[in-house]
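Chain by chain, the residues:
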Amino acid sequence: MKTLIKPHGTASLQVPLAKTPRESDKVKNLPTLILNDPALSNVVMIGSGYFNPLEGFMSFGEAKSVCQTYRLPDGLFWPVPIINLVQSKPDFESGQKIALLDPTRDNKPCIALMDVSDIETLSDKDIDEMIIRVFGTNDSSHPGVKKFRTLGNFLISGKLEIFDLGSFPRDYPDTFRTAQQIREHIVNSGWDKVVAFQTRNPMHRAHEALCKLAVDRIGADGLIIHMLLGKLKDGDIPAGVRDDCIKTMVDCYFNEIPVLVSGYGFDMLYAGPREALLHAIIRQNMGATHLIVGRDHAGVGSFYGAFEAQEIFDELQVSNDLSIKIFNADHTAYSKKLGRVVILNEVDGHVPDDFVTLSGTNLRALLGKGEMPPKEIVRPEVAEILMNFYQS
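Attention in this report is confined to the structure presented alongside it. (Residues numbered from 1 in each chain as written. Predicted model: local features only at pLDDT ≥ 70, side-chain atom pairs only at ≥ 80, totals over all residues. Heavy atoms only, no water.)

## Considering helix α7 (residues 179–189)
Those residues of α7 that sit buried are Ala179, Ile182, Arg183 and Ile186. Within α7, the buried residues cover an arc of 105° as seen down the axis, which keeps them to one side. Looking at the buried side of α7, the elements it contacts are β7 (194–199), β8 (222–228), β9 (259–264) and α10 (273–285). Glycine 190 lies just past α7 and shows a positive phi near 75°. (Buried < 20%, exposed > 50% of the residue type's maximum accessible area, 1.4 Å probe, protein only. Helix = DSSP H or I, 4+ residues; strand = E, 2+ residues; numbered from the N terminus. Arc of directions from axis to C-beta. Contact = heavy atoms within 4.5 Å.)

And the structure:
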């Protein structure tokens, strides 16, 4: 087996874990800050090693550099600002150590300590400029933009000492994995080439075929289906249901491919091309050599072009900064003529009626009525799980 792909920016994963016992009087007597969802998500990702080599929350200068140049001031390639915005000016000051509290668990335990390097007040113009850069729009109907506008104008930056990874290890004990744990799985499995598939949805036939095709064409030794376990937009399917769907599909239909189904604790940004770049960093940090980037990767609605998330890798010449390689995929659909899922730009002699298609809206309507969708779209074992969810 060849040497495992290096993490982004360092020779090995650098995770800022706390050295002070959480129950010590030193921690109990510190000023506190209750984290909002995005900040909590960022702490979990830093503590999981997925945001290597970051050690904490960015300052406004660092965030602005990332937004404008895709780089931190020290030159490190980074596509999305990792920040901690709050709505009210805190009662602690720069230079103090504070305890960051997790509001999603009973008694709001301290999830991390933070050495506050700066507390900056951002103008509405500053916030709007970040939004435009990250999401490519300031339209509040975009779920990422809508969320960002609620976070506040006070930016608190500084390094972290992280105690744990929130509720994810407890809620998803068989699925949640840190970057280091996945690296260990790759080594123990003897894998060399490793394909990662990012998903925030249950997997349907098109996703299944795309993963198998990528593994075959790359000559990969293993596939990691890496699902987002954090918060999504309203109306999306909960992580537990997606987890059941994906594991059922893998058990039934991936018998010839070595697969690891795992998840990570991040909230979806819906930032399209920029988020695709972040996904590549996340997968390199966990040891994958290739990432599948499909149509409208990390997109939402009609805010991004179908292949913007692929094109940005070439536009920015990302291969100069990242070692992971991108497997680009076009639209996929089930061909009645060929009796299998195909990539549309690779087949000739087809007209639209030769493909089985179904919109997401119509699929949800069928499932909600307890009607089995076409087997060419959704595996029946997966459809059963989804029908039970929509009818519950």
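So, next bit.
## As for the sheet that holds β7
Across the sheet, five strands lie side by side as β9-β8-β7-β10-β11; this open sheet has parallel pairing. Strand pairing shows two members of the sheet lacking a second neighbour, β9 and β11 (325–328), which therefore form its edges. On average, adjacent strands in this sheet sit at an angle of 30° to one another, irrespective of strand direction. For β7 and β8, the ladder comprises six bridges, and the chain directions are parallel. Note on β8: the bridge partner recorded for threonine 199 is methionine 227. Lying over the sheet, helix α8 (residues 205–218) contacts β7, β8, β10 (290–293) and β11, oriented at roughly 160° with respect to β7. (Pairing = 2+ DSSP bridges. Axes fitted to C-alpha atoms, helices over the stretch in contact; angles between N-to-C directions.)

## Points about the pattern of salt bridges
The full count for this structure, using the stated rule, is 19 salt bridges. For arginine 149, the salt bridge identified is with aspartate 128, shortest N-O distance 3.0 Å. Of this pair, arginine 149 sits in the loop between α5 (143–148) and β6 (154–162) while aspartate 128 sits in helix α4 (residues 124–135), placing them 21 residues apart in sequence. Arginine 149 sits in the partly exposed class, given a relative accessible area of 37%. Here aspartate 128 falls in the partly exposed class, since its relative accessible area comes to 23%. Among the salt bridges present, the one from glutamate 208 reaches lysine 212, with a minimum N-O distance of 2.8 Å. In this pair, glutamate 208 and lysine 212 are both assigned in helix α8, four residues apart and thus about one turn of the helix distant. (Salt bridge = Lys/Arg side-chain N within 4 Å of Asp/Glu carboxyl O.)

## Re the sheet that holds strand β12 (residues 332–335)
The three strands lie next to each other as β13-β12-β14, forming an open sheet whose pairing is antiparallel. Strands at the two margins of the open sheet, each flanked by one partner only, are β13 (340–343) and β14 (355–356). In terms of strand pairing, β12 meets β14 through two bridges, oriented antiparallel. Across the sheet, residue serine 335 finds its bridge partner in β14, namely phenylalanine 355. Along the sheet, α8 contacts β12 and β13; its crossing angle with β13, the most-contacted strand, is approximately 65°.

## Some points on the environment of aspartate 330
Of note, aspartate 330 is situated in the loop between β11 and β12. The class of aspartate 330 is buried, set by a relative accessible area of 17%. C-alpha of aspartate 330 to C-alpha of valine 259: the two residues are 71 residues apart in sequence and 23 Å apart in space. Setting aside residues up to four positions removed in sequence, aspartate 330 forms contacts with Phe307, Ile343 and Asn345. For aspartate 330, the side chain forms a polar contact with the side chain of asparagine 345, separated by 2.9 Å. (Polar contact = N/O pair within 3.5 Å; in protein donor to acceptor, adjacent residues only side chain to side chain.)

## Overview of the pairing of β10
Side-chain positions along a regular strand alternate between the two faces of the sheet. The two faces of β10 match: His290 and Ile292 on one face and Leu291 and Val293 on the other face are all buried. The pairing of β7 with β10 spans two bridges and is parallel. Bridge pairing in β10 places valine 195 opposite histidine 290. In this fold, the crossover linking β10 to β11 by way of helix α11 (residues 308–315) has right-handed handedness. (Right-handed = clockwise from strand over helix to strand, strands pointing away.)

## Let's talk about the packing of helix α12 (residues 360–368) against helix α13 (residues 380–391)
The N-to-C vectors of α12 and α13 enclose an angle of 75°; their axes lie 8 Å apart at closest approach. With respect to α13, the axis of α12 lies roughly perpendicular. Of α13, the residues touching α12 (which contributes Arg364, Leu367 and Gly368) are Ala383, Leu386, Met387, Tyr390 and Gln391. Here the residues of the contact of α12 with α13 are counted per class, giving five nonpolar, two polar and one charged. (Parallel < 35°, antiparallel > 145°, perpendicular 65-115°, else oblique. Nonpolar A, V, L, I, M, F, W, Y, C, P; charged D, E, K, R; others polar.)

## Overview of the packing of helix α9 (residues 239–253) against α13
Relative to each other, α9 and α13 sit at 165°, their axes nearing to 9 Å. Put simply, α9 runs roughly antiparallel to α13. The interaxial crossing formed by α9 with α13 has right-handed handedness. Residues Val241, Asp244, Cys245, Thr248, Met249, Cys252 and Tyr253 of α9 pack against Pro380, Glu381, Val382, Ile385, Leu386 and Phe389 of α13. Taken together, the residues of the contact of α9 with α13 break down into ten nonpolar, one polar and two charged. (Left-handed = near helix turned anticlockwise from the far one by under 90°.)

Any link to function would need more than the numbers given here.
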